[in-house]
Amino acid sequence: MRSYLDTFAPGIFVLLWSTGFIGSKLGAPYIEPFVFLSVRFLLVLPLLFALILATRASWPKTGTEWLHCLVAGALIHGIYLGGIFYAIDNGMPAGIAALVLGLQPLLTALLAGPLLGEKVAPRHWAGLAVGACGLLLVVAPRIGVDASGLTPVNALVCLLAVAGMAVGTVYQKRFAGGIDLLSGTMIQYAGALVVVLPLAYGESWTIVWSGEMIFAMAWLVLVLSIGAILLLMVLIRRGSAARVASLFYLVPVAAAIESYFLFGETLTLVQIAGSALVVGALLMIRERRIGTRRTPA
């Protein structure tokens, strides 16, 4: 079972995670971004609580562990998803938002060394560099076409989201890796609400419950906020933060392909070549396991 998990879990995670950009764009016309996230997290909490009761999962034992979960949730779900939803709601194309966020593996690798004691091999750095070049090829042809959504504010918000996920991944690995997945994830969403709910008070809370809106909310709650996030926590627990972060290079590729089929966002030969570079970079990174040295307690 562990072998199957190691083999298939990364691909399943990339596929599920990439649909988050599609779901956010699908629901954006019917609800404001921080209201969207607030409602989403408020729906997730009772579902996770029911799973915790059904499985008799354990709760964190100390106040410090609760605090670590809250901080990780504020970073991974609050800042990261808040940045994505805000940028997309303000015109950032889903594919380009995913591509900007694809910078996360580089930042995570930079943080993982000093904070987690992970030794990032030269081969890994080379793979990250190739992946960055691939992302540049994918995004470059779209800058002129979608320039209206590439505002300085949207760019800064996306970069803040990148930092939130990178720091959150390292923080989760360092401080909350041993906490039960279900209870830890539920507390994380409470931490995310601390970030997004105050921002939602500045919005009108007008929601149009169209078929697309209901589908987007149900998909993001069940598939993303429960399925994909629990899978991400498993991957972070079982692998180095830098290696897990490298999976995010594939997310923009998958999102761009999905946007092509669903929203008519074009894919050029240059973008396809860039996508191939990203896949090759991931293979370079994952071919050899990254060694780690034990961090002093």
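Rules behind the numbers
- Residues numbered from 1 in each chain as written.
- Predicted model: local features only at pLDDT ≥ 70, side-chain atom pairs only at ≥ 80, totals over all residues.
- Heavy atoms only, no water.
- Patch = residues over 30% accessible without salt bridge, like charges linked within 9 Å, V, L, I, M, F, W, Y side chains within 5 Å.
- Areas by Shrake-Rupley, 256 points an atom, 1.4 Å probe, with all protein chains shown as cover.
- Salt bridge = Lys/Arg side-chain N within 4 Å of Asp/Glu carboxyl O.
- Helix = DSSP H or I, 4+ residues; strand = E, 2+ residues; numbered from the N terminus.
- Axes fitted to C-alpha atoms, helices over the stretch in contact; angles between N-to-C directions.
- Parallel < 35°, antiparallel > 145°, perpendicular 65-115°, else oblique.
- Left-handed = near helix turned anticlockwise from the far one by under 90°.
- Contact = heavy atoms within 4.5 Å.
- Nonpolar A, V, L, I, M, F, W, Y, C, P; charged D, E, K, R; others polar.
- Phe/Tyr/Trp six-rings, centres within 6.5 Å; stacked < 30°, edge-to-face > 60°.
- Buried < 20%, exposed > 50% of the residue type's maximum accessible area, 1.4 Å probe, protein only.
- Lys NZ or Arg CZ within 6 Å of the ring centre and 35° of its normal.
- pLDDT = per-residue confidence, 0-100.

Caption draft 1: Looking closely at a nonpolar patch on the surface. A cluster of nonpolar side chains, contributed by Phe49, Leu53, Trp59 and Trp66, occupies part of the molecular surface with about 380 Å² of accessible area. By the secondary structure assignment, Trp59 is in the loop between helix H2 (33–55) and helix H3 (63–89).

Caption draft 2: Here's a closer look at the packing of H2 against H3. Viewed as axis vectors pointing N to C, H2 and H3 meet at an angle of 140 degrees, and their least axial separation amounts to 8 Å. Considered as vectors, H2 and H3 are oriented oblique to each other. Judged by the twist between their axes, the crossing of H2 over H3 is right-handed. Residues Pro33, Phe34, Phe36, Leu37, Arg40 and Phe41 of H2 pack against His77, Leu81, Gly82, Phe85, Tyr86 and Asp89 of H3. For the contact of H2 with H3, a count of residues per class yields 8 nonpolar, 2 polar and 2 charged.

Caption draft 3: Region of the structure containing the packing of aromatic side chains. Counting across every chain of the model gives 9 aromatic pairs. Here Trp17 and Tyr80 contribute two aromatic rings whose centre-to-centre distance is 5.9 Å and whose plane-to-plane angle is 25 degrees, an arrangement assigned as stacked. Of this pair, Trp17 sits in helix H1 (residues 2–27) while Tyr80 sits in helix H3, and the two are 63 residues apart along the sequence. Its relative accessible area of 6% is what places Trp17 among the buried residues. According to the relative accessible area criterion, Tyr80 is buried, its value standing at 2%. Among the aromatic side chains, those forming a connected cluster through ring pairs are Phe13, Trp17 and Tyr80. Arg174 extends its terminal NZ or CZ atom over the ring of Phe175, reaching a point 5.2 Å from the ring centre.

Caption draft 4: Representation of the confidence of the model for the protein chain. Mean pLDDT over the protein chain works out to 80, with 78% of the residues at or above the 70 mark. Here helix H10 (residues 241–246) is the element of the protein chain with the lowest mean pLDDT, 66, and H2 is the one with the highest, 96. Note on residues 287–297: pLDDT under 50 across the span, and 24 contacts to partners over four residues away in sequence or across chains.

Caption draft 5: Representation of the environment of Gly113 within the structure. Looking at the secondary structure, you find Gly113 in helix H5 (residues 104–116). Residue class for Gly113 comes out buried when judged on its relative accessible area of 15%. C-alpha separation for the pair Gly113 and Val170, spaced 57 residues apart in sequence, amounts to 9.9 Å.

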